[in-house]
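# Observations on the three-dimensional arrangement
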Amino acid sequence: MGLIVDIRKELAGFELKVNFETQGEVLGLLGASGSGKSITLRCIAGIESPDQGRIVLNGRVLFDSQKGINLPCQRRKVGYVFQNYALFPHLTVEENIGFGIGERKREDRQAIIKEMVTMIKLEGLEKRYPSQLSGGQQQRVALARALAAKPEALLLDEPFSALDDYLRNHMVKQLTETLAGYSGATLFVSHNIEEVYRVCQRLILLARGKIEGKGGTEEVFKAPSSLAAAQLTGCKNISPANYISPFKLEALAWGITLKTNIQLSRQVTHVGVRAHLIGAAAGEMKDNVVRCRLNSLSEGPSRISVYLAVEQDHWRQGSQLLEWEMTPQMWRAMKDQPQPWSLRIAPEDLIIF
Amino acid sequence: MFSFIHGIDFSPLWISLRAATLATLVTFFFGLAAASFVSAYRGKFKGVIDGLLTLPLVLPPTVVGFLLLLILGRNGPLGKLLLALGMTVIFSWPATVIAASVVAFPLMYRTVRSAFEQIDPTLIYAARTLGVSEWKIFWKITIPLAWPGVAAGTVLAFARALGDFGATLMIGGNIPGETLTIPAAIFFAAEGGDMEKALLWVILIFIISLIVMTLMNYWSDYQRKTIIAGGRE
């Protein structure tokens, strides 16, 4: 049971090649724009056809290139929430929600519409047209419309990208609650790390059509296994690395040696550390303490990125700045400290691959 | 001063209205069908098909009439078939409907097709993923969203059908009470020196055209406001 996808498709510039299985949980597809995430969804829904492969939903074959099976959209029972919601502009909220309901009897249809309107908390707005709704309300109607057709799987294509930041966090919470009540396989496509982390239990990282990592969301974030995966999960500091000893490596971009808490393979190529996991070193700490000078600064409303030049153990060319992300309070405490600053990169926070 | 009206045979008015109305009905359905076929068609013959369907618009009406004569005449492929069934179309009133339909068709087809192609395809995909049949999608999504184009195409088709002269004359002739339409009546009245009669027909066709256009505009506006624009501001 569940959704099984194993497809290939030639795209402009690269080949999309994805295979995964998912059950009732929310599976995220995180990738940059143009990485093939949306095409994957479109292939599952039957809007586009893969070149090769198989798609099976709850034991029903939706697509099989070898057997020549390619069910039309209508018979796939796959719900789709589009990035721009694709609400029918000439139909009211209740007509939009009712459009895909299969039930014949009017009372049954009305009951489902009512249930959906209550679920998305839009009571009283049933007679409105989509243009008379806010972005967040439109998104909820699109979700209700998809769920009213009783799909066996639900695909969400960047459902928050059209919303402003203020609404977004609120909507993420609401979507998570709604999805908790849905038992089918759910795919959530996004390029926003924050959203994916909050919404999805499991995660696939996609770069140029290729899967760069998959697993539980936390694990994938904790231990990305490739450069593309580290970048996709938002790791700002990545350096090529050289093996020194089983628990020691050299980070070439910063010219420093770092201790690790896991045993290294001789094939280690990169080391990284997330910008917000760097901390000021307490007096007695010796290991993994780096001395840095302030190079530049980029201030956001809630986070400040500080770019640091590392004072190296010995001269290396091509040295790269270290990015340290902190709250404004941390910055106020830090900025008047005499330089160079002693900072610590904890061994358990290192990303190694 | 219009006492001469009593002596006039009004049959061209009825013949014209019948031809234009029936032709509009015919082109409405054929135009929608052709437009939805061509806008969905992705093959390499798209250009050729579109060209053939548009041809009656660019050819001189006499050429269209001549081709219809070849097809529907006694020795034409369709004409023979009809003759075997005991029907002659040429120089009888159905000829006026056929001629008007053929010349009006491209206007309907073209206008509707461009309206179809302006619809956001994700709306159609969305409807499909909801499990809705193509037939229902066409009537409930495509047509309402393309409505301004469909209405415009219908008005243009009616106007063109009402105004046809060349093609109708070629296959219908000018038999009074049978195939003589207003445009032909104007021509033959003016040619025969009866300028008053010609002017009467001119005024009449002027009024009919204006009324139809105006009504269609108001109707289309009304439809847009109540049905479509709800979502379009």
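What counts, and at which threshold
- Residues numbered from 1 in each chain as written.
- Chains lettered and ligands numbered in written order.
- Predicted model: local features only at pLDDT ≥ 70, side-chain atom pairs only at ≥ 80, totals over all residues.
- Heavy atoms only, no water.
- Helix = DSSP H or I, 4+ residues; strand = E, 2+ residues; numbered from the N terminus.
- Buried < 20%, exposed > 50% of the residue type's maximum accessible area, 1.4 Å probe, protein only.
- Contact = heavy atoms within 4.5 Å.
- Areas by Shrake-Rupley, 256 points an atom, 1.4 Å probe, with all protein chains shown as cover.
- Phe/Tyr/Trp six-rings, centres within 6.5 Å; stacked < 30°, edge-to-face > 60°.
- Lys NZ or Arg CZ within 6 Å of the ring centre and 35° of its normal.
- Core = buried A, V, L, I, M, F, W, Y, C linked by side-chain atoms within 4.5 Å.
- Pairing = 2+ DSSP bridges.
- pLDDT = per-residue confidence, 0-100.
- Buried area = accessible area lost by both parts, 1.4 Å probe.
- Salt bridge = Lys/Arg side-chain N within 4 Å of Asp/Glu carboxyl O.
- Nonpolar A, V, L, I, M, F, W, Y, C, P; charged D, E, K, R; others polar.
- Patch = residues over 30% accessible without salt bridge, like charges linked within 9 Å, V, L, I, M, F, W, Y side chains within 5 Å.
- Axes fitted to C-alpha atoms, helices over the stretch in contact; angles between N-to-C directions.
- Parallel < 35°, antiparallel > 145°, perpendicular 65-115°, else oblique.
- Left-handed = near helix turned anticlockwise from the far one by under 90°.

Moving on, we come to the overall build of chain B. Scanning chain B from N- to C-terminus turns up 11 helices and zero strands. For chain B, the sequential pattern of α-helices and β-strands runs α-α-α-α-α-α-α-α-α-α-α. Considering only C-alpha atoms, chain B reaches an extent of 65 × 45 × 30 Å along its principal axes. Counting all 233 residues of chain B, 45% fall into the buried class. For chain B, restricting intrachain contacts to residue pairs at least 6 apart in sequence, the fraction spanning at least 24 positions comes to 74%. Looking at chain B as shown, the accessible area adds up to about 12,100 Å², and 71% of this sits on carbon and sulfur atoms.

Before going further, it helps to examine the overall build of chain A. Each helix and strand in chain A was counted, giving nine helices and 21 strands. Residues classed as buried in chain A amount to 51% of the 353 residues present. Long-range pairs, those at least 24 residues apart, make up 62% of the contacts in chain A between residues at least 6 apart in sequence. Put simply, chain A shows about 16,800 Å² of open surface, and 48% of that area lies on carbon and sulfur atoms.

Further remarks concern the packing of aromatic side chains. The geometry of an aromatic ring pair is captured by two quantities: the separation of the ring centres and the angle between the planes. Within this structure, the stated rule accounts for 15 aromatic pairs over all chains. Ring geometry for B:Phe116 and B:Phe138: centres 5.8 Å apart, planes at 80°, overall edge-to-face. Taken as a pair, B:Phe116 in helix α5 (residues 93–117) and B:Phe138 in helix α7 (residues 134–145) lie far apart in primary sequence, 22 residues in all. A residue is classified by how much of its surface remains accessible, and B:Phe138, at 16% relative accessible area, is buried. An aromatic cluster is present here, built from B:Phe116, B:Trp135, B:Phe138 and B:Trp139 joined pairwise through their rings. The ring of A:Phe88 has A:Arg145 sitting right over it, with the charged end atom 4.6 Å from the ring centre. The ring of A:Phe99 is capped by B:Lys136, whose NZ or CZ atom sits 4.7 Å from the centre of that ring.

Our next topic: the nonpolar core. By size, the foremost hydrophobic cluster in this structure holds 85 residues, and its most contacted members are A:Ile44, A:Leu187, B:Leu32 and B:Val150. A:Leu30, A:Ile113, A:Ala142 and A:Leu205 belong to the second-largest nonpolar core, a separate cluster that totals 43 residues.

Turning our attention to the pairing of strand β4 (residues 52–57) of chain A. Residue and element names in this part refer to chain A. When strand β1 (residues 3–11) meets β4, the two strands line up antiparallel, connected through six bridges. Bridge assignment links Leu-3 to a residue of β4, and that residue is Leu-57. Note that β4 and strand β5 (residues 60–64) share four bridges and pair antiparallel. Residue pairing in the sheet places Arg-54 in a bridge with Asp-64 of β5.

The share of residues in chain B with pLDDT of 70 or more is 93%, and the mean pLDDT across the chain is 90. Interface scoring of the predicted complex returns ipTM 0.86; its pTM is 0.84.

Moving on to the sheet that holds strand β20 (residues 341–344) of chain A. All names here are of chain A. The five strands lie next to each other as β16-β20-β17-β18-β19, forming an open sheet whose pairing is antiparallel. Unpaired on one side and paired on the other, β16 (279–280) and β19 (322–326) mark the two borders of the sheet. As paired strands, strand β17 (residues 289–299) and strand β18 (residues 304–311) are joined by eight bridges and run antiparallel to one another. Paired with Ser-296 across the bridge in β18 is Tyr-307.

As a further point, take the interface of chain A and chain B. Chain A puts 22 residues into the contact, and the matching count from chain B is 26 residues. When the two sides are added together, the surface that chain A and chain B hide from each other amounts to roughly 2,000 Å², 66% of it contributed by carbon and sulfur. Broken down residue by residue, the surface that chain A buries against chain B is led by A:Gln74, A:His90 and A:Phe99, which jointly contribute 35%. In this assembly, chain A and chain B are joined by zero salt bridges. Residue classes in the side of chain A that touches chain B are distributed as 15 nonpolar, five polar and two charged.

Turning next to a nonpolar patch on the surface. All names here are of chain B. Taken together, the side chains of Val-63, Phe-66, Leu-67, Leu-70, Ile-71, Leu-78, Leu-81, Leu-85 and Met-87 define a hydrophobic patch exposed on the protein surface, amounting to about 830 Å² of accessible area. For the nonpolar patch, the element with the highest residue contribution is helix α3 (residues 61–72), accounting for five residues. By secondary structure assignment, the location of Leu-81 is in helix α4 (residues 77–84).

Here we take up the environment of A:Ala185. Structurally, A:Ala185 is set in strand β9 (residues 185–190). Once residues within four sequence positions are removed from consideration, A:Ala185 is found in contact with A:Leu3, A:Thr22, A:Gln23, A:Gly24, A:Glu25, A:Glu152, A:Ala153 and A:Leu154.

All names here are of chain B. At a minimum axis separation of 10 Å, helix α6 (residues 121–129) and α7 run at an interaxial angle of 150°. One way to sum up the angle between α6 and α7 is to call them roughly antiparallel. Considering the relative orientation of α6 and α7, their crossing is right-handed. Contacts between α6 and α7 involve Leu-123, Ile-124, Ala-127 and Arg-128 from the first element and Glu-134, Ile-137, Ile-141, Thr-142 and Leu-145 from the second. Of the residues belonging to the contact of α6 with α7, the class tally is six nonpolar, one polar and two charged.

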